[in-house]
Amino acid sequence: MVAVLSNSSDGLTSRGIIIEIPLKPRKKMISLRIDEEALLALDKFTAICGEYSRTLFITKIIEAVAKGLKESNYKATKLELNFILDGSNDNPSGVRIVIPLKSGEK
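Remember, it's a predicted structure, so these values are computed and weren't measured experimentally.

Visitor: Describe the packing of aromatic side chains, and please don't skip the residues or the numbers.
Guide: A complete count under the given rule lists 2 aromatic pairs for this structure. Ring plane angle 50 degrees and centroid distance 6.2 Å describe the contact between Tyr52 and Phe57, whose orientation is recorded as tilted. The partly exposed category is assigned to Tyr52, whose relative accessible area is 27%. The buried category is assigned to Phe57, whose relative accessible area is 18%. By way of ring pairs, the aromatic residues Phe45, Tyr52 and Phe57 are connected into one cluster.

Visitor: Could you give an account of the side chain of Thr46, with specific residues and numbers?
Guide: Inspection of the secondary structure puts Thr46 in helix H1 (residues 36-49). Non-local contacts of Thr46, meaning those with residues more than four positions away in its chain, are made with Tyr52, Ser53, Arg54 and Phe57.

Visitor: Outline a nonpolar patch on the surface, listing residues and values.
Guide: Taken together, Leu69, Tyr74, Phe83, Val95, Ile97, Ile99 and Leu101 make up a surface patch of nonpolar side chains, about 600 Å² in accessible area. In terms of residue count, the dominant contributor to the nonpolar patch is strand S4 (residues 93-100) (3 residues). Tracing the chain through its elements places Ile99 in strand S4.

Visitor: Which residues make up the environment of Ile58, and what values do they have?
Guide: Along the polypeptide, Ile58 turns up in helix H2 (residues 54-71). Separated by 16 residues in the primary sequence, Ile58 and Leu42 place their C-alpha atoms 8.8 Å from one another. What Ile58 contacts, discounting residues up to four positions off in sequence, is Leu32 and Leu42.

Visitor: Describe the pattern of salt bridges, listing the residues and the values that go with them.
Guide: Summed over the entire model, instances satisfying the criterion amount to 4 salt bridges. Linking Glu71 and Lys67 is a salt bridge whose minimum nitrogen-to-oxygen distance equals 3.9 Å. Of the two residues, Glu71 and Lys67 both sit in helix H2, 4 residues apart, roughly one turn of that helix. With respect to burial, Glu71 and Lys67 carry one shared label: exposed. With a closest N to O distance of 2.9 Å, Glu80 and Arg96 form a salt bridge. Of this pair, Glu80 sits in strand S3 (residues 78-85) while Arg96 sits in strand S4, and the two are 16 residues apart along the sequence. Overall, the relative accessible area of 40% leaves Glu80 in the partly exposed class.

Reading the values: the criteria
- Residues numbered from 1 in each chain as written.
- Predicted model: local features only at pLDDT ≥ 70, side-chain atom pairs only at ≥ 80, totals over all residues.
- Heavy atoms only, no water.
- Phe/Tyr/Trp six-rings, centres within 6.5 Å; stacked < 30°, edge-to-face > 60°.
- Buried < 20%, exposed > 50% of the residue type's maximum accessible area, 1.4 Å probe, protein only.
- Helix = DSSP H or I, 4+ residues; strand = E, 2+ residues; numbered from the N terminus.
- Contact = heavy atoms within 4.5 Å.
- Patch = residues over 30% accessible without salt bridge, like charges linked within 9 Å, V, L, I, M, F, W, Y side chains within 5 Å.
- Areas by Shrake-Rupley, 256 points an atom, 1.4 Å probe, with all protein chains shown as cover.
- Salt bridge = Lys/Arg side-chain N within 4 Å of Asp/Glu carboxyl O.

This is the structure in structure tokens:
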């Protein structure tokens with residue numbers, strides 16, 4: 001039996017009777033403890049935004065932090081979060097939060 005695939009853009013390939021299916025890396029589970037006020041803020045944002053679930057939103061943030069740490073060669077000393085508010089392009093407003101990543105820094 002020879003496997004014939006009509007669409008190779010889905011990542012499947014065939015060789016004779018062998019079908020190779022590349023597996024995506026599995027995500028690991030972590031647990032977080034956050035206060036109720038923070039959880040309510042996340043829930044309110046995701047309800048208003050409607051684009052992300054709370055889990056997807058937190059996942060994207062954690063993955064962005066990990067990428068930044070890797071690209072800074074793990075030498076970052078501070079993390080800066082900028083929350084940009086939609087509005088006039090002439091005078092963008094937002095909220096800026098700086099988080100020290102090394103103990104003793106403020």
